[in-house]
Each structure stands twice: as C-alpha cells, then as structure tokens.
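If you want the building blocks of each chain, they are given just below.
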Amino acid sequence: MWPSVVPSFEGVQYARGRWPIDGTRSVHVDPARDDLRREGFELIVSASEAVIIAASQEGADYGQDALENLVRVTKLAGENSLECGRVISTPFYRERGVTLSASTLVYSRPFLTELLQLMRSLRLNQLLLEVNIAEKGSQWPYWRAEEVRWIVEQARTNHIEVIPQVNAPSHMETYLRHAPEMALVRDGKPDLDRLDFTRPEALDFYMAMVDKYADVFTSSWWHMGADEFEHADVTFDDFPQIRERAQELLGADAQPRDLYVHFINQVAQQLSQRGKRLRIWNDSLKPTKVALARDIVVEYWQDRGYRVSELLDAGFEVLNVSEHLYWSRSEMMCMDTEEKYVTRTVDSFATGEQINHSNVLGLRASIWPDRAWMQTENEVIEEVRHGLALVAQNGWSHTYPWPQWSDALQVIDQVVVQERPELPAFLSNRVWEIPALRGIGETWRFLPTPDGYYRMQRVMDSKFVSLRSGRCMLGVVMEEGAELELRDDVDPSGVEAAAATRHTFLDIPPAQDGKPWNQTIREVERELYEYNCQKWQVTVVGEPSGTGVAANEARVIIRAALSQLELSEDESGVQVRAPEGKTIDLKLVKELP
C-alpha cells in the first residue's frame, strides 16, 4: 500500500509490481478529462513509470506535489520503491482556504512566503486578505500597492486566489479617521468605526475604495465584511438617523436593518457592473423587509440570525468559516485540532449543522491578530500548521483516515514540511559595533530567540533594545518616530507562565487607562509583553566582509518583529520608520569563545 499523506488518497486500485522512486515520471495535461475538473488529477504508478494526468496545469502541479509527498514519506520509511497502483483524486469542496486579517497588522515577506507555500502543499486554493492599501506618508500600519501585488502574484503561482476584504459599513476606523465627515454620528460625535450609510454619497465613498484596489487584486470576488455593526453594546437604536432614513427611503414600516441590507445590495449591484460578486459575513442577517440579493455569498462564522439550512433553502451559496476554525494570537479562539478530528466535526458549522449541499462552497480557516503582541508571526505559522492540514484533509478528501489524532499528527509532520532559513550564526558569536545605535550604546550582541529572531543586547550593562512606547494598535507600537528604549532582561519563567495563559481566559480583558481591550496587558502577561517587544527580525544583505568564521563587517535590515517598523539611520541617528529596506552597518569588535 502507499504510505499515508495529506490530503489522503481514497480508493487506490493496487496492482502487482513496484516502481523505483527515482524512476521515470511523466505529466500529461488533457483538457478533455472533464471527470478530473480543474484541480483534480489521476496518478498511475506502474513498474516502468509514474504518470500524472490532469485537465489543467493546476491539477498537474497538484499531482506532482502529491507524488513528491509519496516519495518523501517512502524515503523516510527507509524504502526505495512504491507499490504499483492508480487513483483519481478530486476535491470534495470547491473552496478551501485561509483568512488573514492584515488591515491593522503588516506581515513580512518571509511569513507570507511560508504561508503561501504551506497552502500550496496542502492544496488550499483561497486567501481572503483583509488589507489597508495606502501611500507613503500615511499612518502606519498600511500596505503599499506594490506589496499587495507581490502577494497576489506569489499566490497565483501557487494556485491560490486572493480575495480582498475591505470592511463596511462597520470596522472602518482605518479609513474613517482620514474622513471623519463620512462617519455616523453618535451622541454628537463621529463614530469612526461606522460609515454613515444614511447618506447617498456613502456608496460612492465605498466604491472609490473598490476602484482603488481594482488594479491590485485580480479576483472576481469582493468581500465587504458587513459584520458586527451591533457590537460592544452599540445597537441600531444608538443611531436614530438610520431609522429615519430607512422610513424615508423604504417606507413607513421600514426598520434600520432594512437600510443596512439595502446598502449591501447597492454595493453588490455596483460590483456586478464591475464584473465582481460580493461576499459578506453572516452575523448581521436577520429577517427584514428588504431581501438580501441572492447572488451574494454568505460566509457563516457565528451562530446568529439565520441558520445555515435556512440560507441554503433560500438559494444562497454559503462558505463555512466557523469560529472553531479560528486562531487568535491572544484570545480564547483557537482551533482544537484534536477535538475536531476525534469528533469528526471539522466542517460542522457554528450552528452545529453538518450539511452536504451543492451550495456549500467549502471551508476556510482564519488567522486573527487581536492582542497581537502575544505572538510573533513565526509562532503563528508554526501554531496553525496542524490545523491547516486538517482543513485541507477535510476540504479535499473529506475523510478521517487515521485511527487516532496522534496517527494524523505523525503523517502531517512527515508531509507538511516547513523550511525556515536558519539564523546566520556569525551574528550571534561576535560583539559588534553598530554606528547607528551609537547614541544609546557602543557595542552590542545579537542573541537568537527560539522563534527565529534576535534580541540586541548592549554589552556594557546587558540591557536590550525594545520598541514598547508610542501609538499602539492591538497592543503593538505602530508609531513612526517612536523612541527606542533599553530594558532589563526578562524572567524566563514569567514568559513561560504568560504564554501558558493563552486561550485560558474565557473573557476578553477589561479596558485599562481608557485604552481598548485589545491593548490591555494583564499582570501575568507582563514578562511576555516585554520579551516580544525586544525581538527584531535581522536580515543580512549581500555577503558579509570576511564570510563565515572571519566575518568582520555586515549590512543588515533590522525590523521590529511585531510591527515590521524598520531601524533607519539619518544625520540625527537611528529612527524608527516604515519599512523601505534601509540597511544598518555592523563592524566587528571581537569574536566570542
């Protein structure tokens, strides 16, 4: 039998003989193979050759990946041949993917590269990307258009469609802080989280963002969120102007939610004229006089309003994005992979419904930042690996082929291999002069962290460079020009204790000092906060002078692990700036034993 891989093969027809894993391989693309659909493939292993047949290049690539996985696991078992057999492999669900919330947090290219490669290896074909595209000079964090184009292109080469999400009419603080006149007024003040969709120009305001992103995203899909308008004790009743406008426009019996749905329908109509279809979250959908347009895809994440079966009966297409498929850097949301595998409920909806219906498009896991200082992106990618493999297994094969979760883990760890570049050893076994940091210290050491970063330690007193004070979002300093601080070393036991509290608190933390909950740091979490603020992503540029053991000079890019803000040198010294690839010089002081 063939060794186990993920996604697994189902229904392999075995034959006599064995194929040497270093033997002949061939790939054939036959568009007439309708039975394979766009992504599927047939794998035929004979004693003389391993043949992959697909209807598209996408299926051919997936077939080659699958064969390579079989070869890798065979080698790990100490064998050099594979039993002859044939199988047709096609996906159970059309859509299998990942949501990455990145509108208030910027991710590095290494993280994005690793995520996209992981998705490709698992045949996950969709990335919902929540981003805020702006230009240089905007308030950090933001994405430059060329960075998003790079993501879209890298995803395309990995057969992943990138769908943009720009929230409306709620969760809009990123955009409305630059246009407060477009915000709903509550208690006499602009509510910068909510667009004033009572105004006719609100539609133009939002569609201008769609058009702005049109030359960046190539997808025919658009996600507007449309969730959590009533959230954190705020309801439609806090905005009497919504009811007034609803009754003026839609009739005397109209309710505020009718105007809400009317606005969503207007966006859907405008998108249709641009050749795109709309997707929204489900939680704000409840019975209304105004019917939601049937061509809108409903992404079901929370058990509110309509049940999934009701939406399907009404003719909607639905995607499963349930909360049990979530990860958060800090809060109680965390996919319990073992529980989902053991109970066979990976693709159950938030309502508990498990539905096999042609209008269920598939499932998508989600990566949310929340209190983003609690984990680095390297820790995130490691934490989600097993869960994404489970989502891929369910989305493609739709089976639970391994008796226990421990058996599944063994297969996943053999197949889902992530190769993160090793930290350059020459940085950490030397004392360096960093001219850009001369204002706060003469000589420095780079101490590696287990998650792939460095801490920069001042030799004279063993204090560490930290970015912890300034304008924050999600508890992470996002202010260009923020001052660097020198902080004492942390207590490792305190760091470990704080990390152990993740996902154990049943409630979000209370607000502190007038700051929102996602900037709160509980006392038990203090050491972890200090530790992560001291982590820096250090990238060596070019070849160090005196390569290897004898390296005595180097040029590096130094970015804060949590925010991606970059150290940049000018005539006044070192500055914290939005990333532009500025380099910092290192000069060898001495080697360490």
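Outline the overall build of the protein chain, supporting the account with residue identities and numerical values.
Helices and strands together make up the secondary structure of the protein chain, namely 14 helices and 28 strands. In terms of C-alpha radius of gyration, the protein chain reaches 26 Å, essentially the compact-globule figure of 25 Å for 593 residues. Dimensions along the principal axes, computed over C-alpha positions, put the protein chain at roughly 80 × 75 × 40 Å. Buried positions account for 56% of the 593 residues belonging to the protein chain. Of the roughly 24600 Å² of accessible surface on the protein chain, 48% is carried by carbon and sulfur atoms. The distance from the centre of the 63 positive side-chain charges to the centre of the 92 negative ones in the protein chain is 2 Å.

Explain the packing of aromatic side chains to me, and be specific about the residues and the numbers.
Taken as a whole, this structure holds 28 aromatic pairs when the rule is applied. For the pair Tyr-107 and Phe-111, a centre-to-centre distance of 4.6 Å together with 25 degrees between the ring planes defines the contact as stacked. Here Tyr-107 matches Phe-111 in class, with each residue buried. Consider the rings of Tyr-213 and Phe-217, whose centres lie 6.1 Å apart with planes at 25 degrees: the pair is stacked. Here the two residues Tyr-213 and Phe-217 agree in accessibility, since each one is buried. Sitting above the plane of the Phe-229 ring, Arg-194 keeps its charged end 5.4 Å from the centroid.

Describe in detail unusual backbone geometry, supporting the description with residues and values.
With an omega of -5 degrees, the peptide bond between Val-6 and Pro-7 qualifies as cis. Structurally, Pro-7 can be placed in the segment before β1 (13-20). In this structure, Pro-169 follows Ala-168 across a cis peptide bond, with omega equal to -5 degrees. Its place among the elements puts Pro-169 in the loop between β8 (161-168) and α4 (173-176).

Before we move on, can you summarise the pairing of strand β3 (residues 41-45) with the specific residues and values?
Walk down a regular strand and you will see the side chains alternate between the two sheet faces. Within β3, 4 of the 5 residues are buried, leaving the element largely enclosed by the surrounding structure. Taken together, the 5 bridges between β3 and strand β4 (residues 50-54) define a ladder with antiparallel strand orientation. In the strand pairing of β4, Leu-43 is matched with Ile-52. Linking β3 back to β4 in an antiparallel pair, the connection comprises 4 residues.

With reference to specific residues and values, describe the nonpolar core.
Membership of the largest hydrophobic core comes to 175 residues, with the highest contact counts inside it found for Tyr-206 and Met-224. At 9 residues, helix α10 (residues 377-396) tops the list of elements feeding residues into this core. When near neighbours in sequence (up to four residues on either side) are disregarded, Tyr-206 contacts Val-166, Asn-167, Ala-168, Trp-222, His-223, Met-224, Phe-263 and Val-267. The next biggest cluster of nonpolar side chains, apart from the first, holds 12 residues, and it includes Ile-163, Trp-221, Trp-301 and Leu-319.

If you had to explain the packing of α10 against helix α11 (residues 405-415) to someone new, which residues and values would you point to?
The interhelical angle for the contact between α10 and α11, taken along N-to-C directions, is 100 degrees, at an axis separation of 11 Å. It follows that α10 is roughly perpendicular to α11 by the angle criterion. When α10 is examined against α11, the residues Arg-385, His-386, Ala-389 and Leu-390 are found in contact with a partner set consisting of Trp-405, Leu-409, Ile-412 and Asp-413. Tallied by class, the residues present in the contact of α10 with α11 amount to 5 nonpolar, 1 polar and 2 charged.

Please provide a residue-by-residue account of the layout of surface pockets, values included.
The space that makes up the largest pocket amounts to roughly 1600 Å³. Of all the elements, strand β10 (residues 189-195) adds the most residues to the lining of the largest pocket, at 5 residues. Split by residue class, the lining of the largest pocket holds 21 nonpolar, 12 polar and 14 charged. Its boundaries defined by the atoms lining it, the second largest pocket holds a volume of some 1200 Å³. Only α1 (57-76), α2 (109-121), α3 (145-157), α10, β24 (536-545) and β25 (553-560) provide two or more residues apiece to the lining of the second largest pocket. Among the elements that make up the lining of the second largest pocket, the one with the highest residue count is α2 (8 residues). Its residues placed into classes, the lining of the second largest pocket shows 19 nonpolar, 12 polar and 15 charged.

Before we move on, can you summarise the state of the cysteines with the specific residues and values?
Applying the stated criterion to the full structure yields 0 disulfides. Free cysteine Cys-533: the closest other cysteine sulfur is in Cys-472, separated by 7.9 Å. On the accessibility criterion, Cys-533 (6% relative accessible area) is buried.

Account for the pattern of salt bridges, with residues named and values stated.
Oppositely charged side chains can form a pair if their charged atoms are brought close together. Inspection of every chain in the model, using the stated rule, returns 43 salt bridges. Taking the shortest distance from any N to any O, the salt bridge between Glu-58 and Arg-38 comes out at 2.7 Å. Separated by 20 residues along the polypeptide, Glu-58 in helix α1 and Arg-38 in the loop between β2 (25-29) and β3 bring together distant segments of the chain. In this structure Glu-58 comes out as buried when scored by relative accessible area, which is 13%. Overall, Arg-38 belongs to the partly exposed group, its relative accessible area being 48%. Linked through salt bridges whose partners overlap, the residues forming this network are Arg-33, Asp-35, Glu-42 and Arg-86.

Give a detailed account of empty space enclosed by the protein, specifying residues and quantitative values.
In this structure the tally under the stated criterion is 2 cavities of 30 Å³ or more. Residue lining of the largest cavity: Leu-467, Gly-475, Val-476, Val-477, Asn-532, Cys-533, Lys-535, Ala-560, Ala-561, Leu-562 and Ser-563, and that is the complete set. Among the elements of the structure, β22 (476-477) and α14 (526-533) are those that each provide at least two residues to the lining of the largest cavity. Space inside the second largest cavity adds up to approximately 40 Å³. Forming the boundary of the second largest cavity are Leu-105, Val-106, Arg-329, Glu-377, Ala-561, Leu-562, Ser-563 and Gln-564. A class-by-class count of the residues in the lining of the second largest cavity yields 4 nonpolar, 2 polar and 2 charged.

Rules and cut-offs
Residues numbered from 1 in each chain as written. Predicted model: local features only at pLDDT ≥ 70, side-chain atom pairs only at ≥ 80, totals over all residues. Heavy atoms only, no water. Helix = DSSP H or I, 4+ residues; strand = E, 2+ residues; numbered from the N terminus. Rg over C-alpha atoms; globule rule 2.2 N^0.38 Å. Buried < 20%, exposed > 50% of the residue type's maximum accessible area, 1.4 Å probe, protein only. Areas by Shrake-Rupley, 256 points an atom, 1.4 Å probe, with all protein chains shown as cover. Lys, Arg positive; Asp, Glu negative; His and termini not counted. Charge placed at Lys NZ, Arg CZ, Asp CG, Glu CD. Phe/Tyr/Trp six-rings, centres within 6.5 Å; stacked < 30°, edge-to-face > 60°. Lys NZ or Arg CZ within 6 Å of the ring centre and 35° of its normal. Pairing = 2+ DSSP bridges. Core = buried A, V, L, I, M, F, W, Y, C linked by side-chain atoms within 4.5 Å. Contact = heavy atoms within 4.5 Å. Axes fitted to C-alpha atoms, helices over the stretch in contact; angles between N-to-C directions. Parallel < 35°, antiparallel > 145°, perpendicular 65-115°, else oblique. Nonpolar A, V, L, I, M, F, W, Y, C, P; charged D, E, K, R; others polar. 1 Å grid on protein atoms, 1.4 Å probe; cavity = no way out; pocket = protein on both sides within 12 Å on 5 of 7 lines; lining within 4 Å. Points joined across faces, edges and corners; volume = space filled by probe spheres on them. Disulfide = S-S within 2.5 Å. Salt bridge = Lys/Arg side-chain N within 4 Å of Asp/Glu carboxyl O.

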